[in-house]
Amino acid sequence: MYRHVFAWFAAVILAVGPVTSSFAISPFQPLRDVSHMLQGLQSACSGTLIADRQYLTNAHCITFESLYVGDYPVLSIIKLDQELDLALLEVNMFGRSVPFASKTPDIDTPVVVVGYPLGVAQVVTEGRLQAIHADGNKYLVSAQATYGNSGSGVFVMEDGVWKLVAVVNSGYQTNGG
């Protein structure tokens, strides 16, 4: 089961545009409820609660220090895939989680990224799917991401429900034209 999840959701999200919006109170509240900060003594990343006790983030966020998702300690590493840069963690958290998208979104599909840039307050940004890499595992979106957004969920609306389609893996910046 987890192999499918890791193969389907391995995506490098490259930020290409400005923040289109950020909301304190918004229609994105269900996404805010499943998105949590992963903290260590010297690091901070983002991630998503995908089921009771299961938190998805990036493998490069996993360090050999005590890690917490919000106030909850990470109990174990369920799966760690360095090649795909994904980690599935066991955390004693229950409640709202998010389903996975059932298909690859089309170009120009609206997306929402929820994470903790710079390890501070939760930020929601909107954008659009700009391109899909030939291997099908990397998406280019216009939603902004920066340090601390690693592991953030990338969500699409599918059949009237917000669903997880990818995980922010890295950002790419250009200087000038």
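None of the values given here were measured: they were computed from a predicted structure.

Reading guide: rules and limits
- Residues numbered from 1 in each chain as written.
- Predicted model: local features only at pLDDT ≥ 70, side-chain atom pairs only at ≥ 80, totals over all residues.
- Heavy atoms only, no water.
- Helix = DSSP H or I, 4+ residues; strand = E, 2+ residues; numbered from the N terminus.
- Buried < 20%, exposed > 50% of the residue type's maximum accessible area, 1.4 Å probe, protein only.
- Contact = heavy atoms within 4.5 Å.
- Areas by Shrake-Rupley, 256 points an atom, 1.4 Å probe, with all protein chains shown as cover.
- Disulfide = S-S within 2.5 Å.
- Salt bridge = Lys/Arg side-chain N within 4 Å of Asp/Glu carboxyl O.
- Pairing = 2+ DSSP bridges.
- Patch = residues over 30% accessible without salt bridge, like charges linked within 9 Å, V, L, I, M, F, W, Y side chains within 5 Å.
- Core = buried A, V, L, I, M, F, W, Y, C linked by side-chain atoms within 4.5 Å.

A.B. asks: Explain the overall build of the chain to me, using residue names and the numbers behind them.
C.D. replies: Of regular secondary structure, the chain possesses 2 helices and 12 strands. Listed N to C, the secondary structure of the chain is α-β-α-β-β-β-β-β-β-β-β-β-β-β in terms of helices and strands. Among the 177 residues that make up the chain, the fraction classed as buried is 46%. Contacts in the chain between residues at least 24 apart in sequence constitute 65% of all its contacts with a sequence separation of at least 6. Total accessible area on the chain stands at roughly 8900 Å², and carbon and sulfur atoms take up 54% of it.

A.B. asks: Outline the state of the cysteines, supporting the account with residue identities and numerical values.
C.D. replies: With the rule as written, the count across this model stands at 1 disulfide. A sulfur-sulfur distance of 2.1 Å marks the disulfide that ties Cys45 to Cys61. The disulfide joining Cys45 to Cys61 has a torsion of about -90° about its S-S bond and is therefore left-handed. Here Cys45 is found in strand β3 (residues 44-51), whereas its partner Cys61 is found in the loop between β4 (54-57) and β5 (68-69), with 16 residues between them in sequence. The pair formed by Cys45 and Cys61 is uniform in burial state, with each residue classed as buried.

A.B. asks: So what's going on with the environment of Gly136? Residues and values would help.
C.D. replies: Mapped onto the secondary structure, Gly136 falls in the loop between β9 (123-132) and β10 (139-141). Here Gly136 falls in the partly exposed class, since its relative accessible area comes to 28%. On a C-alpha basis, the gap between Gly136 and Thr104 in space is 8.5 Å, while along the polypeptide they are 32 residues apart.

A.B. asks: Give me the lowdown on the pattern of salt bridges, citing residues and values where you can.
C.D. replies: Under the counting rule described, the total for this entry stands at 5 salt bridges. A salt bridge links Arg53 to Glu90; the nearest nitrogen and oxygen atoms lie 2.5 Å apart. Residue Arg53 is found in the loop between β3 and β4, and its partner Glu90 is found in strand β7 (residues 86-91); the two are separated by 37 residues along the sequence. We classify Arg53 as partly exposed; its relative accessible area is 28%.

A.B. asks: For the pairing of strand β2 (residues 35-39), give the residues involved together with the corresponding values.
C.D. replies: Counting buried residues along β2, 4 of its 5 residues qualify, which places the element largely inside the surrounding structure. Bridge count between β2 and β3: 5 bridges; the pairing is antiparallel. Counterpart to Gln39 in the pairing with β3 is Ala44. With 2 bridges connecting them, β2 and β5 associate as antiparallel partners. Bridged to Gln39 within β5 is Tyr68.

A.B. asks: Go over a nonpolar patch on the surface with me, naming the residues and quoting the values.
C.D. replies: Together, Leu118, Val120 and Tyr147 line one region of the surface with nonpolar side chains, adding up to about 390 Å² of accessible area. Residue classification places Leu118 among the exposed residues on the basis of a relative accessible area of 61%.

A.B. asks: Tell me about the nonpolar core, and name the residues and values.
C.D. replies: If you look at the biggest cluster of nonpolar residues, it comprises 15 residues, and the most contacted ones within it are Leu31, Leu56, Val112 and Phe155. Elements supplying a minimum of two residues to this core: α2 (29-34), β7, β8 (110-115) and β12 (161-167). Counting residues in each nonpolar core, the second largest holds 13 residues, with Ala101, Ala143, Val154 and Val156 among its members.

A.B. asks: How would you sum up unusual backbone geometry? Please name residues and give values.
C.D. replies: Residues other than glycine seldom take positive phi values, yet Asp85 does so here, at roughly 60°. Residue Asp85 is classed as buried on the basis of its relative accessible area, which comes to 11%. Not every positive phi belongs to a glycine, and Asp108 is a case in point at roughly 80°. Note that Asp108 resides in the loop between β7 and β8.

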